[in-house]
Structures are given as structure tokens and as C-alpha cells.
Amino acid sequence: MLRKLKGKMKDKSKETALPGTGEPAGAADGCLQKTPVSPPRLVFHTQLAHGSATARVENFFSVQELYTKIADVFAIAPSEILFCTLNTPKIDMKHLLGGHIGLEDFIFAHVKGIKKEVTVCKSEDSLGLAITDNGAGYAFITRIKEGSLIDSVKTICVGDHIESINGENIVGWRHFAVAQKLKQLKKEETFTMGLIEPKKAFEAEPRSKPGKSLTIGIGTRKSTFRLRSTGPAFMEELPSASQVKAIEKVDDLLEMYLGIRDSELATAIFEAGKDKHNTEEFSVALGKTFGDFEFPQELVFEVWGAIGDAKRGCRYVDDPSLGK
């Protein structure tokens, strides 16, 4: 009888925790302490875009740390990575990794390929290209306007990293500084760009139109992993449709006025203005946070308009009668 009683006591000590409570069954009387719940472990699958085995990366909190993790699993130097795309190995700038990664996104790393040097005569005021950077010192071309001067130079492609201009190494420059350098070139001036194109797989790729993307492992996502150039990464809810539209509009305006595309910058600008009451407050906030950019006043006014449209869009969602 005593042996059976000891067995029951031992079994009771092994009772499992109730789902989601962190405390053993029968511990509702508060005699036992709650077991702390660990934060979710975020693991992402990755490949080299030109072809490789699939690997997993985790425990990164910035773009630089992500590049280091990817480089480690594929035994390459972090400096070999030009940029990453999400859910497609193609050079598709609509899927460029910016400041957000969906929890089910598949990461493809594009590494350095062929070096080339191109000489161009700036016969028009506008070159017709948009530039961004990877957050780790490499500026590259995200868009070439159809029919533009650069479009006529067939050796220049979307995805090319701009390594130098007229022999001056610009590795480490932000995208706006590179765009400004090209903008300051005089009309009819001949200049040279040193470029590095992403390494490609054996199949032929389109020059500037990526075509259909290969979609891998995309599900319904309500949260996203936000990477930041400064400060820790964090989880956040996906923006509303009106906010997404406003951020895309801000990105388009950055290209129009500054010759750059940067979804992370566009998001940060939107966030800087969403709680402001007028353009003066918004302009002051931009000056404090983004003083290096020297945004033209026309850009500030147009961005403020896009933010206002997003605010009205959110109100319509909350109260459909406002849209009637």
C-alpha cells in the first residue's frame, strides 16, 4: 500500500504543463511558480540566388548581421553579398529585401559576379536610373527608365553595383550621395562607371524586366520582422493597405526628386509624419532625423500629401460612412 502511494506521488510530480499557461496541471492554487515562456525562435531559410543548397539563418538583428550569417553558412565573405531578394532568386526589385522580412519569407542572396567598366556621355540632363543601397555599403541600380540615356547602354543592368565613378571608389557611400554625384555631372560630360553585376545562374535572365517571380512558402502573415540600420530589430504588425500605398508613393517621390529608391527610408519618413499636424511640424521632424538628405521643399509638401491620404484612408476603414 505504501509503495503504491509513493508511486502516485511521483507521478503527480511529473504532471505536464497546461497549454499556454506555463504552469503544471493542478497548480491553479498558486503554490507553484509559473515557468517563464521563451520568445519565439525566428529561423529563415536561405539560398544563394545563382544556385546552392538550402541553409537556415537565425539570431540576426540588422542587415549587416544577416549578411554575416548567410556568409557563414555558405563559407563566403560577407563583402561578397550585394543584396537579397525575398521569395524569388531573380533580380526582381519588387522583392528586394529592405527593412522588413515576413515570418515565412525565403531569403535569396545575390553575390558579386562579373566586373565591368562602362563609359557614358551624359547627353541628357537625366540619366534615367534609380539607385538604392544594401545597408552595408553597396549602392546598386534598382530601375532603368525605358527610353532613357542609360537604357541605351545595354551593358548597364538592373542589379549592377556601382563601385566607382570616374575612378573614385564609392563603396560605403549611401545611395543619395551616389545619386547626387551622378546628378552633378555636367551635360555632355563623358564619365566612367565601374560596375559589378550579380552572379547569375546558367539560364539567361532578362536585362531589366524580371518577369514572373518564383514564389516560395508564402502564407498568410499578420506580423513582420523589422530590421533597422540602428537599434534592435523587432516584431510589428503589417501596415494597412492605405499605409502601404502611402509608403510606395513616398518611395516614388524619392526616386523622382533624389534619384533613389529605399523602402526603409520611405517607411521611416512616413512614420515621422503620421503623428504630425501640419507641414511645418513635419518639416522640422525631417530636418532632425534626416538632415543629411536636404530634402527639397517640394518633396516635403508632396510627401505630406501622401501621408494625409493615408490618414484619411485609415479613417474610412474605421468608419465607412466617412467615405460616402
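Provided above is the structure to which this section pertains.
Residues numbered from 1 in each chain as written. Predicted model: local features only at pLDDT ≥ 70, side-chain atom pairs only at ≥ 80, totals over all residues. Heavy atoms only, no water.

**Here we look at the layout of surface pockets**
Logical step 1: Computed from the structure, the second largest pocket encloses a volume of approximately 420 Å³.
Logical step 2: Contributions of two or more residues to the lining of the second largest pocket are made by β6 (129–133), α3 (175–183) and α4 (241–258).
Logical step 3: If you tally residues by element for the lining of the second largest pocket, the top one is α4, at 4 residues.
Logical step 4: In terms of residue class, the lining of the second largest pocket is made up of 9 nonpolar, 3 polar and 6 charged. (1 Å grid on protein atoms, 1.4 Å probe; cavity = no way out; pocket = protein on both sides within 12 Å on 5 of 7 lines; lining within 4 Å. Points joined across faces, edges and corners; volume = space filled by probe spheres on them. Helix = DSSP H or I, 4+ residues; strand = E, 2+ residues; numbered from the N terminus. Nonpolar A, V, L, I, M, F, W, Y, C, P; charged D, E, K, R; others polar.)

**Examining the packing of aromatic side chains**
Logical step 1: Taken as a whole and assessed by the stated rule, the structure comprises 5 aromatic pairs.
Logical step 2: Look at F282 and W304: their rings are 5.6 Å apart centre to centre, the planes differ by 35°, and that puts the pair in the tilted class. Residue F282 is found in helix α6 (residues 279–289), and its partner W304 is found in helix α7 (residues 297–318); the two are separated by 22 residues along the sequence. (Phe/Tyr/Trp six-rings, centres within 6.5 Å; stacked < 30°, edge-to-face > 60°.)

**With respect to the pairing of strand β2 (residues 55–58)**
Logical step 1: On β2, burial follows the alternation: A55 and V57 on one face are buried, whereas R56 and E58 on the facing-out side are not.
Logical step 2: Pairing between strand β1 (residues 43–48) and β2: 4 bridges, direction antiparallel. By the bridge assignment for β2, V43 is matched with E58.
Logical step 3: Linking β1 back to β2 in an antiparallel pair, the connection comprises 6 residues, with G51 at a positive phi of about 125°. (Buried < 20%, exposed > 50% of the residue type's maximum accessible area, 1.4 Å probe, protein only. Pairing = 2+ DSSP bridges.)

**Describing the pattern of salt bridges**
Logical step 1: Enumeration according to the criterion identifies 12 salt bridges in this entry.
Logical step 2: K181 is the partner of E168 in a salt bridge, and the nearest nitrogen-oxygen pair spans 2.8 Å. Of the two residues, E168 is situated in strand β9 (residues 168–169) and K181 in helix α3; the sequence distance between them amounts to 13 residues.
Logical step 3: Given the relative accessible area of 34%, E168 is considered partly exposed. (Salt bridge = Lys/Arg side-chain N within 4 Å of Asp/Glu carboxyl O.)

**So, the packing of helix α5 (residues 263–273) against α6**
Logical step 1: Interaxial distance between α5 and α6 falls to 9 Å at its minimum, and their mutual angle equals 135°. For the element pair α5 / α6, the angle class is oblique. The element α5 and its partner α6 pack so that their crossing is right-handed. Contacts from I269, A272 and G273 in α5 reach F282, A285 and L286 in α6.
Logical step 2: Here the residues of the contact of α5 with α6 are counted per class, giving 5 nonpolar, 1 polar and no charged. (Axes fitted to C-alpha atoms, helices over the stretch in contact; angles between N-to-C directions. Parallel < 35°, antiparallel > 145°, perpendicular 65-115°, else oblique. Left-handed = near helix turned anticlockwise from the far one by under 90°. Contact = heavy atoms within 4.5 Å.)

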